[in-house]
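Residue-level listing of the chains:
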Amino acid sequence: MARSKTRELLTFCLGIVLIGALLQAAGTLKGDRLVFPGVDEILRAFFRLITTGKTYALIWTTLKHLIVSMAVSTGIGIALGIAQGLLPFLRHLLRPLMIFLRSLPMIILIVIIMVVTDYERVPVIASSIILIPMISEAACEGCLRIDRELIDVYRMNANFNFRVLLQVYLPLMAGYLKQAYINAAGMGVKLAVSTEYLVQTKNSLGKAVHSSGYFNEYQDIYAYALIMILLVLLISEAPVWLLRRAAGRTDQQQ
């Protein structure tokens, strides 16, 4: 097990090196070090940014948008997913809407939301709308995959209620919801930054990327990309790692 994890870590590091090599190759082939700066320039910009207090203010603004959109989309997505799993009529009724939301180009959705609401709300609303189908489909699939015999057991003792949802459905759907959460976290960061870029949200990563592009500071753009990657890893992998540690301690105590 330890060797497998070490190999995965080494492979992941090699993947990062591969990205740097591709950037170097692109700069050499294009002959444009402005758009494709060297890895050394990107790393210098990265360390400069992460040692600046303002960068963490930008990260916090984006993180707030992500947290709120994830909370809203998770609550609505799980509720809709379980409802669709329990009610075939509702599942077929909402299927076209879910396909529409999943297929709708993000830029069109953002423009529509910009027209109907304040710009400050756009990052949260747009991200939530796009993430809801992702989570609801996972919840619906998890609900449909639950062993019917287990459902029959609880039905012998009680009707469906909030307690049954917490103690029966959610634990049995945990695998589907965990994968949906990991995918939604990565997508949520990209959505939040993209919407911040389009609506020019103050003190956000999206606004910082726009400013860097305006002043041709492409090394900062790549540095911000590295920061976003670390942010995605922190949000998506840290909770899973903590749950595994907690489960491991519980098994040891037993």
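Scoring rules and cut-offs
- Residues numbered from 1 in each chain as written.
- Predicted model: local features only at pLDDT ≥ 70, side-chain atom pairs only at ≥ 80, totals over all residues.
- Heavy atoms only, no water.
- Salt bridge = Lys/Arg side-chain N within 4 Å of Asp/Glu carboxyl O.
- Helix = DSSP H or I, 4+ residues; strand = E, 2+ residues; numbered from the N terminus.
- Buried < 20%, exposed > 50% of the residue type's maximum accessible area, 1.4 Å probe, protein only.
- Phe/Tyr/Trp six-rings, centres within 6.5 Å; stacked < 30°, edge-to-face > 60°.
- Axes fitted to C-alpha atoms, helices over the stretch in contact; angles between N-to-C directions.
- Left-handed = near helix turned anticlockwise from the far one by under 90°.
- Nonpolar A, V, L, I, M, F, W, Y, C, P; charged D, E, K, R; others polar.
- Arc of directions from axis to C-beta.
- pLDDT = per-residue confidence, 0-100.
- Core = buried A, V, L, I, M, F, W, Y, C linked by side-chain atoms within 4.5 Å.
- Contact = heavy atoms within 4.5 Å.
- Parallel < 35°, antiparallel > 145°, perpendicular 65-115°, else oblique.

Pairing of side chains with opposite charge becomes possible as their charged atoms draw close. Under the definition given, this model contains four salt bridges. Here Asp40 makes a salt bridge to Arg44, at a shortest N to O gap of 3.7 Å. A residue pair is termed a helical-turn pair when its members lie 3 or 4 positions apart in one helix, as Asp40 and Arg44 do in helix H2 (residues 39–50) at four residues. Residue classification places Asp40 among the partly exposed residues on the basis of a relative accessible area of 46%. Notably, a salt bridge pairs Arg145 with Glu141, separated by 2.7 Å at the nearest N-O pair.

Counted by the stated rule, this structure contains two aromatic pairs. With 5.4 Å between their ring centres and 70° between their planes, Phe46 and Phe47 make a pair best called edge-to-face. We classify Phe46 as buried; its relative accessible area is 10%. Ring centres of Tyr214 and Phe215 lie 5.1 Å apart, and the angle between their planes is 90°; on these two criteria the pair is classed as edge-to-face. Here Tyr214 matches Phe215 in class, with each residue exposed.

A pair of packed helices is characterised by two quantities: the angle between their axes and the separation of those axes. Relative to each other, helix H3 (residues 53–86) and helix H6 (residues 122–144) sit at 35°, their axes nearing to 6 Å. For the pair H3 and H6, the crossing hand works out as right-handed. Broken down by class, the residue content of the contact of H3 with H6 amounts to 17 nonpolar, eleven polar and no charged.

This part covers helix H10 (residues 205–214). Looking at H10, one finds that the buried residues are Leu205, Gly206, Ala208, Val209 and Ser212. When H10 is viewed along its axis, its buried side chains cluster within an angular range of 160° and face the same direction. A positive backbone phi angle near 60° is found at Asn216, which sits one or two residues after H10.

Along the polypeptide, Leu170 turns up in helix H8 (residues 162–172). Along the primary structure Leu170 and Ile78 are separated by 92 residues, whereas in three dimensions their C-alpha atoms are 9.2 Å apart.

Averaged over every residue, the pLDDT of the protein chain is 81; residues scoring 70 or more account for 81%. Per-element averaging of pLDDT across the protein chain places helix H7 (residues 148–157) at the bottom with 68 and H3 at the top with 90.

Grouped together as the largest cluster of nonpolar side chains are 43 residues, with contacts concentrated most on Tyr169, Met173, Val189, Leu205, Tyr224, Met228 and Ile235. Among the secondary structure elements, those contributing two or more residues to this core are H2, H3, helix H5 (106–116), H6, H8, helix H9 (174–199), H10 and helix H11 (218–253). Each residue touching Val189, except ones within four places of it in the same chain, is listed here: Leu66, Met228, Leu231, Val232 and Ile235.

With that settled, the discussion passes to the packing of H5 against H6. Running from N to C, H5 and H6 cross one another at 135°; their axes reach a closest spacing of 10 Å. Considering the angle they form, H5 stands oblique to H6. The way H5 lies across H6 gives a crossing that is right-handed. Judged by residue contacts, Met106, Leu109, Ile110, Ile113 and Met114 of H5 engage Val122, Ile125, Ala126, Ile129 and Ile130 from H6. Its residues assigned to classes, the contact of H5 with H6 comprises ten nonpolar, no polar and no charged.

This part is about unusual backbone geometry. Of note in this structure, Asn203 is not a glycine but carries a positive phi near 50°. Structurally, Asn203 is set in the loop between H9 and H10. Even without glycine at this site, Asn216 takes up a positive phi of about 60°. Structurally, Asn216 can be placed in the loop between H10 and H11.

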